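Observations on the three-dimensional arrangement
What follows is the residue order along each chain.
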Amino acid sequence: MSDKKNTVFLILQDNEEARPIIDAVEQDNPEANIQYQPGLVRMEADARLVVNRETVEENLGRDWDIQELHINLISLGGHVTEDEDQIELSWH
Amino acid sequence: MSIEISAKSITPIRKNYGHIEARFGDKKPASRYQEAVYDVQPTTNFHYRPLWDKDFELYDTSRTAIVMEDWYSFADPRQYYYGTYTIARSKQQEVAEHNYAFVDKRDLMDTIPEETKQAMRDILIPLRHVEWGANMNNCDITDKGYGSTICTVTMFNAMDRLGMAQYISRIGLLVDGNETTTLDAAKKDWMEAPEWQGLRHAVEDMFVLTDWFELMIAQNFVLDGLIFPLFFDRFERKLSAEGGATIAMLTEFMTEWYAETARWTNALAKVTAKESDANSQLLSEWVNKWTDRLVEAIEPVAIKAFGSEGADQLAEVKQELLARLGKQGLSV
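A short tour of the structure in this document, coming up. These numbers were taken from a predicted model, which means no experiment stands behind them.

Considerations on the overall build of chain B
In terms of helices and strands, chain B carries twelve helices and zero strands. Secondary structure of chain B in N-to-C order comes out as α-α-α-α-α-α-α-α-α-α-α-α. With the C-alpha coordinates of chain B rotated into their principal frame, the extents come out at 80 × 65 × 40 Å. Sorting the 332 residues of chain B into buried and exposed places 37% on the buried side. Within chain B, contacts between residues separated by at least 24 positions form 73% of all contacts whose residues are at least 6 apart in sequence.

This is the structure we're talking about:
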């Protein structure tokens, strides 16, 4: 747990389906702190964390609907701004 | 009494196999694709040369003029290994099966006007022989190729081609109420009709190409890049406009398949051309050589399919293909 108040986080299951998403977060959020815990992967960042559809699609090699994120989502912290191309976590 | 349950996490001593670690590091566990596909081919300790080809080792990089520092620079963007490939294809197969059953049950073939049916018999059905040729060629690439990331892709490709040949055969059977009349006629066309001979000659010349990467270019880049957009996209649209939308339902897999295949051919062209100028030059040379040859070979079929527009349609498809390959760093 980070004690900073403006930390946002995204937690996904640690499995093959989530891997391209985790890789995409790693590529698009260089400052994000990614922790591999048993069964889950916790991605934390200061103030802002994004998942870009295009990056995930590149990692995955097929079209990806941003809603597919929910399949392996465990938890998230932050306000969600979502459109067809990206999902952004931040505090408003 | 209170019981305290504390979570204890055990970190494994090592996350990956040694050969995977050498490539991708030990920071996180390798993906299934990486474990299944990378460095599977042996590289050393070949005790005997194959009896049928004493000039080469069992796995030999010198079977092609293309030179790569690391033959594993290419990765399949779809990341197919046995599991993902079979799951993806079985989903598509279910849809296709359903479409065939639907067409059969509703007798939709009877709703197609006779001229449209004949156009399909003349153009689409003989393509099953092209697909079978593509299966042979991809098996050959898999046999001689180097780098298991490349060879898995071509083996899956070979199986896809057999599947597509079978889909076309089933269309041929459906249209005649399970009689083989159409299939026999298409075979005769493929063997004897003058408009098919150029293409047949080209496909048979590909069978005996010695450089597997040239075969890769000729078959998977150029021939497919012309045939699929021209016949399974443009010609199908024409048939649909003439009352043959049923046929498009039965060849939906081919359209999807080509869009998917373009992803890895693009990636392979890009990686190989980027490696060196010599590679890029060689690839461009092969693309130009086979585009010239195959456009000429396909032209009579295109004219038969589209009438006076045939040459223009083919020229447009050719431009699209060259533009796509140009983007990957080839000078074509």
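Read on, since the account is not over.
Quick look at helix α6 (residues 148-175) of chain B
Taking 1.5 Å of rise per residue, 28 residues should cover 40 Å, and α6 of chain B covers 41 Å from first to last C-alpha, within 8% of that figure. G177 of chain B occupies a position one or two residues after α6 of chain B and carries a positive phi of about 55 degrees.

Examining the sheet that holds strand β4 (residues 48-52) of chain A
Residues and elements named next belong to chain A. The strand order across the open sheet formed by three strands is β4-β7-β6, and the pairing between neighbours is antiparallel. Strands with a single pairing partner mark the edges of an open sheet, and in this sheet they are β4 and β6 (79-82). Pairs of neighbouring strands in the sheet enclose a mean axial angle of 15 degrees, with direction left out of account. Alignment of β4 against strand β7 (residues 86-90), held across five bridges, turns out to be antiparallel. Bridging across to β7, N52 finds its partner in Q86. In the packing of helix α2 (residues 53-60) onto the sheet, contacts are made with β4 and β7, and the angle to β4 comes to roughly 50 degrees.

Here we look at the packing of helix α8 (residues 194-207) of chain B against helix α11 (residues 277-306) of chain B
Residues and elements named next belong to chain B. Direction vectors running N to C along α8 and α11 enclose 150 degrees, while the axes themselves pass 8 Å from each other. In terms of axis orientation, α8 runs roughly antiparallel to α11. Once α8 is placed against α11, the crossing between them reads as left-handed. Residues E195, W196, G198, L199, H201 and A202 of α8 touch α11, and the partners they reach there are R293, L294, E296, A297, I298, P300, V301 and K304. Partitioning the contact of α8 with α11 into residue classes produces eight nonpolar, two polar and four charged.

So, α11 of chain B
Its axis deflected by about 40 degrees at E299 of chain B, α11 of chain B carries its strongest bend there, up to four residues before the proline P300 of chain B. Immediately downstream of α11 of chain B, the backbone of G307 of chain B shows phi near 70 degrees, a positive value.

A word on unusual backbone geometry
Even without being a glycine, N45 of chain B presents a positive backbone phi close to 60 degrees. With respect to the helices, strands and loops of the structure, N45 of chain B is situated in the loop between α2 (32-37) and α3 (82-105).

Focus on the sheet that holds strand β1 (residues 7-13) of chain A
All names here are of chain A. Pairing is antiparallel in the open sheet, where four strands are placed in the order β2-β3-β1-β5. Bordering the open sheet on either side are β2 (33-37) and β5 (73-77), each of which pairs with just one other strand. Going across the sheet, the axis of each strand differs from the next one's by a mean of 10 degrees, ignoring polarity. In this structure, β1 lies alongside β5, joined through four bridges in antiparallel fashion. When the sheet's bridge partners are listed, I11 is paired in β5 with S75. Against the sheet, helix α1 (residues 19-28) makes contact with β1, β2 and β3 (40-46), and its axis sits at roughly 155 degrees relative to β1, the strand it touches most.

Things to note about the packing of helix α5 (residues 127-144) of chain B against α8 of chain B
To describe two helices that pack against each other, one gives the angle between their axes and the distance between the axes. All names here are of chain B. Contact geometry for α5 and α8: axes closest at 10 Å, N-to-C directions at 15 degrees. Compared by their axis directions, α5 and α8 come out roughly parallel. In this structure, α5 crosses over α8, and the sense of that crossing is left-handed. Side by side, α5 and α8 meet where V130, G133, M136 and N137 of the first sit next to L199, V203, M206 and F207 of the second.

How each quantity is defined
Residues numbered from 1 in each chain as written. Chains lettered and ligands numbered in written order. Predicted model: local features only at pLDDT ≥ 70, side-chain atom pairs only at ≥ 80, totals over all residues. Helix = DSSP H or I, 4+ residues; strand = E, 2+ residues; numbered from the N terminus. Buried ≥ 20, exposed ≤ 12 C-beta atoms within 10 Å, placed from the backbone. Contact = placed C-beta atoms within 7 Å. Expected span 1.5 Å × (residues − 1). Pairing = 2+ DSSP bridges. Axes fitted to C-alpha atoms, helices over the stretch in contact; angles between N-to-C directions. Parallel < 35°, antiparallel > 145°, perpendicular 65-115°, else oblique. Left-handed = near helix turned anticlockwise from the far one by under 90°. Nonpolar A, V, L, I, M, F, W, Y, C, P; charged D, E, K, R; others polar. Bend = angle between axes of the 7 residues up to and from the residue.

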